[in-house]
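Topology and contacts: notes
Listed below, chain by chain, are the residues.
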Amino acid sequence: MHRSEKIWLILSFGMILIFMGATGYQAFTYGMAPPGGMERIDPQKVDETPPFDQPGIRQIGENEYEVVMVLQVFSFVPHDIEIPAGSTVHFKLTSKDVIHGFQIVETNANGMVVPGYVTTLTQTFHEPGEYLLMCNEYCGAGHQHMYTTITVK
Ligand code: CUA
């Protein structure tokens, strides 16, 4: 093998190792793994599995709500969420079909929703307004239409 070939091979493998190390270090040190406790669900039986058999909003404390939501091509169920300003909302999400994204624009709420798993994330809405909720994982031909709004009053 030519000497410069060896050098380039070593350099490129070294770079791969450095990037993998950096990504792994970040994921474990800062908890940047996909959100949720890796709770499993049968994606074929979402409609029969509590709490996803009754998706919707539930008040669980003075300023605390739980939103159970099912994602599917190309919609969020329920899609008409309205909550009072100052509320903390615990989202429980799952997908019936393919991988979807769950991003509430201009907040830190951003998660991947993988069929077979339950994704959980929590967001407090201080300011009233209309928050754009969108799918940020390409999920098929209607991906660009997969969005809705969360109304905070
Ligand atoms: Cu769902 Cu993109």
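It should be emphasised that the depicted structure is a prediction, and the values quoted were computed from it without experimental measurement.

Cut-offs and rules
- Residues numbered from 1 in each chain as written.
- Predicted model: local features only at pLDDT ≥ 70, side-chain atom pairs only at ≥ 80, totals over all residues.
- Heavy atoms only, no water.
- Helix = DSSP H or I, 4+ residues; strand = E, 2+ residues; numbered from the N terminus.
- Rg over C-alpha atoms; globule rule 2.2 N^0.38 Å.
- Buried < 20%, exposed > 50% of the residue type's maximum accessible area, 1.4 Å probe, protein only.
- Contact = heavy atoms within 4.5 Å.
- UniProt positions renumbered as here; feature names shortened; annotations may be inferred.
- Pairing = 2+ DSSP bridges.
- Axes fitted to C-alpha atoms, helices over the stretch in contact; angles between N-to-C directions.
- Polar contact = N/O pair within 3.5 Å; in protein donor to acceptor, adjacent residues only side chain to side chain.
- Core = buried A, V, L, I, M, F, W, Y, C linked by side-chain atoms within 4.5 Å.

Looking only at helices and strands, the chain features one helix and eleven strands. Reading the helices (α) and strands (β) of the chain from amino to carboxyl end gives α-β-β-β-β-β-β-β-β-β-β-β. The C-alpha radius of gyration computed for the chain amounts to 20 Å, which surpasses the reference 15 Å derived for 153 residues by more than 25%, pointing to a less compact arrangement than a globule. Projected onto its principal axes, the C-alpha positions of the chain cover 70 × 35 × 30 Å. Burial analysis of the chain (153 residues in total) assigns 31% to the buried set. Sequence separation of at least 24 residues holds for 60% of the intrachain contacts in the chain that already meet a minimum separation of 6.

Residues annotated by UniProt as "transmembrane region" (unreviewed entry) correspond here to residues 7-28. Taken end to end, residues 7-28 is 100% helix and 0% strand, and its first and last C-alpha atoms sit 32 Å apart.

Once that is clear, we can look at the sheet that holds strand β7 (residues 100-104). Read across the open sheet, the five strands follow the order β5-β11-β10-β7-β8; overall the sheet is mixed. Only two strands of the sheet have a single neighbouring strand rather than two, namely β5 (80-83) and β8 (110-113). The average angle at which neighbouring strand axes cross in this sheet is 20°, direction not considered. In this structure, β7 lies alongside β8, joined through four bridges in antiparallel fashion. Looking at the pairing, His 100 lines up with Val 113 of β8.

Sheet topology places strand β3 (residues 64-72) next to strand β6 (residues 87-95); eight bridges connect them, and they run parallel. Paired with Tyr 65 across the two strands is Val 89, which belongs to β6. Direction of pairing for β6 relative to strand β9 (residues 117-125): antiparallel, over a ladder of seven bridges. Among the inter-strand pairings, Leu 93 is bridged to a residue of β9, identified as Thr 119.

For the rest of this paragraph, the subject is the side chain of Ser 87. Topologically, Ser 87 is positioned in strand β6. Residue class for Ser 87 comes out buried when judged on its relative accessible area of 1%. At 2.4 Å, the side chain of Ser 87 and the backbone oxygen of Pro 84 are in polar contact. The contact partners of Ser 87, leaving out residues within four places of it in the chain, are Asn 63, Tyr 65, Gln 123, Thr 124 and Phe 125.

Bringing the environment of Met 146 into the picture now. With respect to the secondary-structure elements, Met 146 resides in the loop between β10 (129-134) and β11 (147-152). By relative accessible area, Met 146 is classed as buried at 1%. Along the chain, Met 146 and Phe 76 lie 70 residues apart, while their C-alpha atoms are 7.5 Å from each other. Excluding its chain neighbours within four sequence positions, the residues that come into contact with Met 146 are Leu 71, Gln 72, Phe 74, Ser 75, Phe 76, His 100, Met 134, Cys 135 and Cys 139.

This paragraph deals with the nonpolar core. Counting 23 residues, the largest nonpolar core has Met 69, Phe 91, Phe 102, Ile 104, Phe 125 and Ile 150 as the members making the most contacts within it. With four residues, the top contributor of residues to this core is β3. Of all hydrophobic cores here, the second largest spans six residues; its members include Ile 41, Val 46, Val 68 and Val 118.

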